[in-house]
Amino acid sequence: MKLAIFGGSFDPPHIGHEMIVLEALHHLDIDKLFVVPTYLNPLKLDIYASASQRIQWLSHMFASEEKVKILDFEVKQKRSVYTIETIKYLLENYDISKIYLIVGADNYAIFNQWKDHAKLEQVCELVIATRDDTIYPKDLKKLNINANISSSKLRVHMDATFIPKIIRNEVIEYYTRKIMEKRIERIVSILDTNKAESIQTFDMSGKDYIVDTVVIATTLGERHGAALLETLKTELKDKGEVFLNIDESSDWSILDMGDILVHLMSPAYRERYNIEEFLTNRELELNK
């Protein structure tokens, strides 16, 4: 059996991945192409979409391609798996005469950091999925892919045109929700670490409110409130957040991030204005 392996996080899958698979099927003499989603990339710290979700998307994407199989070996290990382990698994379970290892241009640039990379080159023939005009060794097989997009870029700026149509709506909805969750977690973590009290979050998406999420926290006094505000501004800006407006006062400061409002309130002001009751009642009224 002649086969090709194309691994990655696929977080999310995009048209670049789709093009690589289709080009490989067209240009490589293979009987099977294994698309191998990672549980967690050994060179990355975390992942957004669950393994089961990514497998589902990939299965939908390539359902009509008889030669394509979504291999869940790495996912089942529930840990970071090195490519050499996956190769050994395939060699033990399939009668293989040839293995092509498809590597994206970004991964090829750091291929010497892969575990047992020299052994991989002995067992497999590398195939580079090119993304730009970089010149590669002449003896390497290449798949010319003209798609300057990456999953990491998409997670920051979700562009529907780069998501395969068959999974587009589901992917956009998933990452929009997931990215918002991570942003809120970051804000709450900063507030909690810096001793803010009674931190509450309110999901106002789809409730005809001015923002999607409201975060409220109680300060310990004027100096504490000012310090919290500065810490939020500094740490969130470093994460790419943009502030449309900042209304600062000794008793009540508001950070407007477009889709998120953060209220930092003194105990007296929080009790007097009771924003959380207003938000809760609004949610209940809209759910009737």
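Keep in mind the model is a prediction, meaning the values are calculated, not measured. (Residues numbered from 1 in each chain as written. Predicted model: local features only at pLDDT ≥ 70, side-chain atom pairs only at ≥ 80, totals over all residues. Heavy atoms only, no water.)

Peer 1: Describe the nonpolar core, with residues and values.
Peer 2: Of all hydrophobic cores here, the largest spans 35 residues; its most connected members are Val21, Leu28, Leu33, Val35, Phe62 and Ile102. Every element with two or more residues in this core is listed here: β1 (2-8), α1 (15-27), β2 (32-37), α2 (51-61), β3 (68-70), β4 (98-104), β5 (125-130) and α8 (168-193). Broken down by element, the residue count for this core peaks at five residues, all from α2. Those residues in contact with valine 21 that sit more than four places away from it in its chain are Phe6, Leu33, Val35, Phe62 and Val68. Among the nonpolar cores identified, the runner-up in size contains 23 residues, and Leu71, Val81, Leu126 and Leu140 belong to it. (Core = buried A, V, L, I, M, F, W, Y, C linked by side-chain atoms within 4.5 Å. Buried < 20%, exposed > 50% of the residue type's maximum accessible area, 1.4 Å probe, protein only. Helix = DSSP H or I, 4+ residues; strand = E, 2+ residues; numbered from the N terminus. Contact = heavy atoms within 4.5 Å.)

Peer 1: Provide a residue-level description of the sheet that holds strand β7 (residues 197-203), including the pertinent values.
Peer 2: Taken in spatial order, the five strands make up an open sheet running β7-β8-β11-β10-β9, and their pairing is mixed. Lying at the two open borders of the sheet, with one neighbouring strand each, are β7 and β9 (245-247). Along the sheet, successive strands turn relative to each other by an average axial angle of 10°, direction set aside. Alignment of β7 against strand β8 (residues 213-218), held across five bridges, turns out to be antiparallel. When the sheet's bridge partners are listed, aspartate 203 is paired in β8 with threonine 213. Taken strand by strand, helix α9 (residues 222-238) contacts β9, β10 (252-256) and β11 (260-265), and its axis lies near 155° from that of β11. (Pairing = 2+ DSSP bridges. Axes fitted to C-alpha atoms, helices over the stretch in contact; angles between N-to-C directions.)

Peer 1: Would you mind going over the sheet that holds β3 in detail, with residue names and values included?
Peer 2: Judged by pairing direction, the sheet is parallel, and its six strands sit side by side in the order β3-β2-β1-β4-β5-β6 without closing on themselves. Every other strand in the sheet has two partners, leaving β3 and β6 (141-144) as the edge strands with one partner each. Averaged over all adjacent pairs, the angle separating strand axes in this sheet is 25°, with direction ignored. Relative to β4, β1 is paired through five bridges, and the arrangement is parallel. Along β4, the bridge assignment pairs phenylalanine 6 with isoleucine 102. Each of β2 and β3 is contacted by α2, which is oriented at about 150° to β2, the strand it contacts most.

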